[in-house]
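# Descriptive structure summary
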Amino acid sequence: MIKTSDKLADGRELLYFDQDDATPRARSVDLRPLEPAASLSEIRRDPLTGDWVTIAAHRQARTYHPPADECPLCPSRDGRLSEIPAPDYQVVVFENRFPALAIGADPERLGHPVTKAEPGAGRCEVVCFTADHGSSFADLTETRARLVLDAWTDRTAELSQLPDVKHVYIFENRGAEIGVTLAHPHGQVYAFPFVPPRTARMIEQTDWHRVTTGRNLFEDVLAAEHAHPVRVVLAGEHWTAFVPFAARWPYEVHLYPNRRVADLTQLNEAERAEFPGLYLELLRRFDRLFVEEGSGGQAAPTPYIAAWHQAPTVGAPELALHLELFTIRRTAGKLKFLAGVESGMDAFVNDVSPEAAAQRLREVSS
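Here the structure is a predicted model, which means the values were calculated and not measured.

Rules and cut-offs
- Residues numbered from 1 in each chain as written.
- Predicted model: local features only at pLDDT ≥ 70, side-chain atom pairs only at ≥ 80, totals over all residues.
- Heavy atoms only, no water.
- Axes fitted to C-alpha atoms, helices over the stretch in contact; angles between N-to-C directions.
- Helix = DSSP H or I, 4+ residues; strand = E, 2+ residues; numbered from the N terminus.
- Parallel < 35°, antiparallel > 145°, perpendicular 65-115°, else oblique.
- Left-handed = near helix turned anticlockwise from the far one by under 90°.
- Contact = heavy atoms within 4.5 Å.
- Nonpolar A, V, L, I, M, F, W, Y, C, P; charged D, E, K, R; others polar.
- 1 Å grid on protein atoms, 1.4 Å probe; cavity = no way out; pocket = protein on both sides within 12 Å on 5 of 7 lines; lining within 4 Å.
- Points joined across faces, edges and corners; volume = space filled by probe spheres on them.
- Pairing = 2+ DSSP bridges.
- Expected span 1.5 Å × (residues − 1).
- Bend = angle between axes of the 7 residues up to and from the residue.
- Buried < 20%, exposed > 50% of the residue type's maximum accessible area, 1.4 Å probe, protein only.
- Polar contact = N/O pair within 3.5 Å; in protein donor to acceptor, adjacent residues only side chain to side chain.
- Disulfide = S-S within 2.5 Å.
- Phe/Tyr/Trp six-rings, centres within 6.5 Å; stacked < 30°, edge-to-face > 60°.

In a pair of packed helices, the angle between the axes and the distance between the axes together describe the arrangement. Interaxial distance between helix 1 (residues 142-159) and helix 4 (residues 269-286) falls to 9 Å at its minimum, and their mutual angle equals 120°. As judged from the angle between their axes, helix 1 and helix 4 are oblique. Pair helix 1 / helix 4 crosses with right-handed handedness. Of the residues in helix 4, those in contact with Glu142, Ala145, Arg146, Leu149, Asp150, Trp152 and Thr153 of helix 1 are Glu269, Arg272, Ala273, Phe275, Pro276, Gly277, Tyr279 and Leu280. Classifying every residue of the contact of helix 1 with helix 4 gives eight nonpolar, two polar and five charged.

For the rest of this paragraph, the subject is the layout of surface pockets. Space inside the second largest pocket adds up to approximately 530 Å³. Every residue lining the second largest pocket is counted, 20 residues in all, and those nearest its centre are Arg198, Val221, Pro244, His254 and Tyr256. Secondary-structure elements contributing two or more residues to the lining of the second largest pocket are helix 2 (197-213), helix 3 (217-227), strand 12 (251-257) and strand 14 (322-327). The element that contributes the greatest number of residues to the lining of the second largest pocket is helix 2, accounting for five residues. Partitioned by chemical class, the residues of the lining of the second largest pocket number ten nonpolar, four polar and six charged.

So, about the sheet that holds strand 6 (residues 117-119). Spatially, 4-3-6 is the arrangement adopted by the three strands of the open sheet, whose pairing is antiparallel. With one partner strand each, in any of the chains shown, strand 4 (52-55) and strand 6 form the two edges of the open sheet. Between one strand and the next, the sheet's axes are offset by a mean angle of 30°, whatever the strand orientation. The pairing of strand 3 (residues 42-45) with strand 6 spans three bridges and is antiparallel.

The first and last C-alpha atoms of helix 4 sit 27 Å apart over 18 residues, in line with the 26 Å expected at 1.5 Å per residue. The largest bend along helix 4 reaches roughly 30° and is located at Phe275, with the proline Pro276 sitting one to four residues downstream. Extensive coverage of helix 4 is indicated by the burial of 13 of its 18 residues. Where helix 4 starts, the residue carrying a side-chain oxygen 3.2 Å from the main-chain nitrogen of Ala270 turns out to be Asn268.

Let's shift gears to the sheet that holds strand 13 (residues 304-309). Sheet architecture is open: eleven strands sit in the order 1-2-5-7-9-8-13-14-12-11-10, paired in antiparallel fashion. Since the sheet does not close on itself, it has two edges, and those belong to strand 1 (2-7) and strand 10 (232-235), each with one partner. Pairs of neighbouring strands in the sheet enclose a mean axial angle of 20°, with direction left out of account. With six bridges connecting them, strand 1 and strand 2 (residues 13-18) associate as antiparallel partners. Its bridge partner being in strand 2, Ile2 is matched across the sheet by Asp18. Packing against the sheet, helix 1 makes contact with strand 1, strand 2, strand 5 (91-95), strand 7 (123-128), strand 8 (167-174), strand 9 (186-192) and strand 13, and its axis sits at approximately 140° to strand 2.

Next up on the list: the side chain of Asn216. Mapped onto the secondary structure, Asn216 falls in the loop between helix 2 and helix 3. A polar side-chain atom of Asn216 sits 2.9 Å from the main-chain amide nitrogen of Phe218.

Before going further, it helps to examine the state of the cysteines. Enumeration over the complete set of coordinates arrives at zero disulfides. A disulfide-free cysteine, Cys74 has its sulfur positioned 3.8 Å from the sulfur of Cys71, the nearest such atom. Using a relative accessible area of 10% as the deciding quantity, one classes Cys74 as buried. Not part of a disulfide, Cys124 finds its nearest cysteine sulfur in Cys128, a span of 15 Å.

All right, on to the side chain of Gln310 then. Tracing the backbone shows Gln310 in the loop between strand 13 and strand 14. Polar side-chain contacts of Gln310 include one of 3.2 Å to the side chain of Thr156. In this structure the side chain of Gln310 is engaged in a polar contact, spanning 2.8 Å, whose partner is the backbone nitrogen of Leu264. Excluding residues that lie within four positions of it along the chain, Gln310 makes contacts with Thr156, His167, Val168, Ile170, Thr199, Ala262, Asp263, Leu264, Leu319 and Leu321.

Before going further, it helps to examine empty space enclosed by the protein. Following the criterion strictly, the structure yields one cavity of 30 Å³ or more and no others. Estimates place the volume of the largest cavity at around 40 Å³. Only strand 8 and strand 13 provide two or more residues apiece to the lining of the largest cavity. When the residues that make up the lining of the largest cavity are grouped by side-chain class, the tally is eight nonpolar, no polar and one charged.

Another point: the packing of aromatic side chains. As enumerated under the stated definition, the model contains 19 aromatic pairs in all. Note on Phe192 and Phe194: the rings are 5.1 Å apart at their centroids and 45° apart in plane angle, and the pair reads as tilted. Classification of Phe192 as buried rests on a relative accessible area of 10%. For Phe194, a relative accessible area of 6% corresponds to the buried category. For the ring pair Phe242 and Tyr256, a centre distance of 5.0 Å and an interplane angle of 65° mean the geometry is edge-to-face. Separated by 14 residues along the polypeptide, Phe242 in strand 11 (residues 239-242) and Tyr256 in strand 12 bring together distant segments of the chain. Residue classification places Phe242 among the buried positions, given a relative accessible area of 1%. With a relative accessible area of 7%, Tyr256 lands in the buried category.

Written out as structure tokens, the structure is:
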């Protein structure tokens, strides 16, 4: 992998990631008249749950569903300037222009002890998987998907070293139904100044499991799925994909490395080499799940969230790297909306049994 660092007109960092055999990249100057980037975010602690909530009102002005010929994630070419100054690229990472978190955010605002607030210090990055606006992650070659994995690993390593960063979260939102505002295939990285609530709950469960059984929870979950593989969707030498026993979402798959590691930086070469093929097959199966009426048998692209769960930068030896992939579509033409039970109480009700979902995902294999 060749990594090239550059700067955008407002001072934000931009990184090009190219394959080893790529032509050396010349510097491309961002000619846009941009004001220096600034973040007005803060984090506030919910006194009833202990969860941190990010307040980032400046994000209301972010770009929203631009036409394809005005996409800010396409390369700068034919006289049109975008977030990527180069006329072409393989994989690009840059600091978000409208970040929820940023180094140098507003100073701490003191108030009543119950209303605790701190600066929204951290970093938010955009990861562009390809220069091709009309494609998706599932359309990538295994070589390009490996380059994305290497870029994710690089960002995990670097962002984990930033002051005040406690957790690095890498994810992709795909589809307007999910809430994506830019159609270009891309993902994001959030470097949090706190441990997110879901990760905190996982840490509590893994610690409890170690105390009560003497074993690691993630290893026991994977062993249980291998022992009774009714929910296993894909299994390689180094990775296993399965629908979790208590899946929240209609179609939800967890992808575990068979060897427990804390984060992306700890994967070995064999695990890195196998990941692209398995993950691309999984995404392509998701896109074959739903056939819309009147489509002539064509499956509709499936909206999904793909979320990497990694251990925080310190203090969670039991947590294990894994990827969670899920869709809010429950059947052709119907979405699962989070209603009163889910949104109000975080108590999920799933209309599709995990075993049936796994069977369906096996049926739509390549």
